[in-house]
Amino acid sequence: MGRTNPTYRDALRAIEERWAEFRRALRRRDQPRFDQLFEYARKHADASGLLNHQNPLLSALLSIDLEQEARLDDHEERLAELEQRLSETVVEQQQSSSEGTTGGVE
């Protein structure tokens, strides 16, 4: 009987175990970030499993990149919203200021 390939999830767990000492050596503040990277990889486990690449680390890295791109998109969208609100506030303040300098006389 032939050997079956380990599932991507099994391979990802093995990768995480191999990096356990590295994680322990990280500063405490970076350990949750390290854990989050593997969480990102697990989010795309279905797609990565379908790929069945001989090096599952590549699928994990691409999954991490996808999640970070999504986070960047969210941040850029939020920044654009905040810039728009700030711009509207500045215009309102300028209008209020110009009304105050004319003394209400037209």
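Note that the structure is predicted; figures quoted are calculated from it, not measured.

Reading the values: rules and limits
- Residues numbered from 1 in each chain as written.
- Predicted model: local features only at pLDDT ≥ 70, side-chain atom pairs only at ≥ 80, totals over all residues.
- Heavy atoms only, no water.
- Helix = DSSP H or I, 4+ residues; strand = E, 2+ residues; numbered from the N terminus.
- Rg over C-alpha atoms; globule rule 2.2 N^0.38 Å.
- Buried < 20%, exposed > 50% of the residue type's maximum accessible area, 1.4 Å probe, protein only.
- Contact = heavy atoms within 4.5 Å.
- Areas by Shrake-Rupley, 256 points an atom, 1.4 Å probe, with all protein chains shown as cover.
- Lys, Arg positive; Asp, Glu negative; His and termini not counted.
- Charge placed at Lys NZ, Arg CZ, Asp CG, Glu CD.
- Core = buried A, V, L, I, M, F, W, Y, C linked by side-chain atoms within 4.5 Å.
- Patch = residues over 30% accessible without salt bridge, like charges linked within 9 Å, V, L, I, M, F, W, Y side chains within 5 Å.
- Salt bridge = Lys/Arg side-chain N within 4 Å of Asp/Glu carboxyl O.
- Arc of directions from axis to C-beta.
- Expected span 1.5 Å × (residues − 1).
- Phe/Tyr/Trp six-rings, centres within 6.5 Å; stacked < 30°, edge-to-face > 60°.

**What about the overall build of the protein chain?**
Secondary structure assignment for the protein chain yields five helices and zero strands. The helix and strand sequence of the protein chain, counted from the amino end, reads α-α-α-α-α. On C-alpha atoms alone, the protein chain measures out to a radius of gyration of 25 Å, which is more than a quarter above the 13 Å that the 2.2 N^0.38 rule sets for 106 residues. Overall, the C-alpha framework of the protein chain stretches about 95 × 35 × 15 Å when taken along its three principal axes. Relative to its 106 residues, the protein chain shows a buried fraction of 16%. Contacts in the protein chain between residues far apart in sequence, at least 24 positions, make up 54% of those at least 6 positions apart. For the protein chain, the exposed area adds up to about 9000 Å²; of that, 52% sits on carbon and sulfur atoms. Once the 15 positive and 21 negative side-chain charges of the protein chain are each reduced to a mean point, those two points are 14 Å apart.

**Overview of the nonpolar core**
Among the nonpolar cores identified, the biggest contains eight residues, and these are Y8, L12, I15, F34, F38, A41, A45 and A60. If you list the elements that add at least two residues to this core, you get α1 (8-18) and α3 (31-43). Not counting residues up to four positions away in its chain, the partners in contact with I15 are F38, P56 and L57.

**Quick look at a negative patch on the surface**
On the surface, D65, E69, D73, D74, E76 and E77 cluster together to form a negatively charged patch. Take E76: it is sitting in helix α5 (residues 56-101).

**A word on α1**
Side chains three or four residues apart in an α-helix point the same way, a direct result of the helix having 3.6 residues per turn. Listed as buried for α1 are Y8, A11, L12 and I15. One face of α1 carries all of its buried residues, which in axial projection span an arc of 100°.

**Looking at the side chain of S48**
For S48, the position within the fold is in helix α4 (residues 45-51). If we skip the residues at most four places from it in the chain, S48 touches Y8, S59 and S63.

**Looking at α3**
With 13 residues, α3 ought to run about 18 Å at 1.5 Å a step, and its terminal C-alpha atoms sit 19 Å apart, in line with that. Three or more residues of α3 are buried, namely Q31, F34, F38, Y40 and A41.

**Focus: the environment of L61**
By the element assignment, L61 lies in helix α5. C-alpha of L61 to C-alpha of L37: the two residues are 24 residues apart in sequence and 8.7 Å apart in space.

**Quick word on the packing of aromatic side chains**
Two numbers describe a pair of aromatic rings. These are the distance of the centres and the angle of the planes. A full pass over the atoms with the stated rule returns three aromatic pairs. Ring centres 5.9 Å apart and planes at 45° place the aromatic pair F22 and F34 in the tilted group. Taken together, the residues span a long stretch of sequence, with F22 in helix α2 (residues 20-25) and F34 in helix α3 at a distance of 12 residues. Taking 5.2 Å as the distance between ring centres and 55° as the angle between the ring planes, the aromatic pair formed by F34 and F38 counts as tilted. With F34 and F38 both in helix α3, this residue pair falls four residues apart, about one helical turn. Taking relative accessible area as the criterion, F34 reaches 9% and is therefore assigned buried. You can call F38 buried: its relative accessible area is 9%. Joined through ring pairs, the aromatic side chains of W19, F22, F34 and F38 make up one cluster.

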